[in-house]
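# Tertiary structure, described
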Amino acid sequence: QVQLLESGGGLVQAGGSLRLSCAASGRTFSSYAMGWFRQAPGKEREFVAGVNLSGGTTYYADSVKGRFTISRDNAKNTVYLQMNSLKPEDTAVYYCAARDRSGITFSQYQYAYWGQGTQVTVSS
């Protein structure tokens with residue numbers, strides 16, 4: 001089992017940047033594929049980015065490709081989401097999630113462990 005804690009959210013102007021962090025408890029972090037999801041008010045939770053066990057493979061939603069970068073540091077039990085060129089439509093609660101499989105999946109139902117979320121607000 002793993003517990004996740006996000007940080008780094010906040011208020012930023014359009015065009016700005018934020019870096020989200022997700023710290024995981026436990027000694028088996030490297031055995032979990034990790035994902036970032038987001039949920040805007042009145043909308044479904046959606047996949048943002050995912051990274052495999054080693055960090056060597058990543059996937060992104062089309063809406064963030066080229067602007068966001070997911071990475072992980074297995075020595076620090078942490079996954080990151082670097083968000084650049086932020087837009088007002090990126091405003092949402094961002095969640096990190098873990099699945100005890102090696103592969104990345106876009107489906108939130110394949111992730112067993114979730115953080116509490118961190119709010120990102122982008123003003124125009």
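Quick look at the structure, then. (Residues numbered from 1 in each chain as written. Predicted model: local features only at pLDDT ≥ 70, side-chain atom pairs only at ≥ 80, totals over all residues. Heavy atoms only, no water.)

Examined against the element boundaries, P88 turns out to sit in the loop between β8 (78–83) and β9 (92–99). With 15 residues separating them in the primary sequence, P88 and D73 have C-alpha atoms 29 Å apart. Not counting residues within four places of it along the chain, the set of residues in contact with P88 comprises A14, V122 and S124. (Helix = DSSP H or I, 4+ residues; strand = E, 2+ residues; numbered from the N terminus. Contact = heavy atoms within 4.5 Å.)

Inspection of the entire model under this criterion finds five salt bridges. Where K65 meets D62, a salt bridge forms, and the shortest distance between an N and an O atom there is 3.1 Å. In this structure, the salt-bridge partner of D90 is R67, at a minimum N-O distance of 2.8 Å. One end of the pair, D90, is in the loop between β8 and β9; the other, R67, is in the loop between β6 (58–60) and β7 (68–73), and 23 residues separate them in sequence. Pair check on accessibility: D90 and R67 agree, each one buried. One network of salt bridges, in which partners are shared, links R38, E46, R67 and D90. (Salt bridge = Lys/Arg side-chain N within 4 Å of Asp/Glu carboxyl O. Buried < 20%, exposed > 50% of the residue type's maximum accessible area, 1.4 Å probe, protein only.)

Our next topic: the nonpolar core. Ranked by size, the top nonpolar core spans 30 residues in total, and within it M34, W36, L81, M83 and Y94 carry the most contacts. Counting five residues, the second-largest nonpolar core is a separate cluster that includes F37, F47, A97 and I104. (Core = buried A, V, L, I, M, F, W, Y, C linked by side-chain atoms within 4.5 Å.)

Per the counting criterion, the structure on display carries one disulfide. Each disulfide pairs two cysteine sulfurs, and for C22 the partner residue is C96, the sulfurs being separated by 1.9 Å. Given an S-S torsion of about 45°, the disulfide between C22 and C96 has right-handed geometry. Separated by 74 residues along the polypeptide, C22 in strand β3 (residues 18–24) and C96 in strand β9 bring together distant segments of the chain. (Disulfide = S-S within 2.5 Å.)

Next up on the list: the sheet that holds strand β1 (residues 4–7). The sheet built from four strands is open, its strands ordered β1-β3-β8-β7 with antiparallel pairing. Since the sheet does not close on itself, it has two edges, and those belong to β1 and β7, each with one partner. If you compare each strand with its neighbour and ignore which way they point, the axes differ by 15° on average. The pairing of β3 with β8 spans six bridges and is classified as antiparallel. If you follow L20 over to β8, its bridge partner there is L81. (Pairing = 2+ DSSP bridges. Axes fitted to C-alpha atoms, helices over the stretch in contact; angles between N-to-C directions.)

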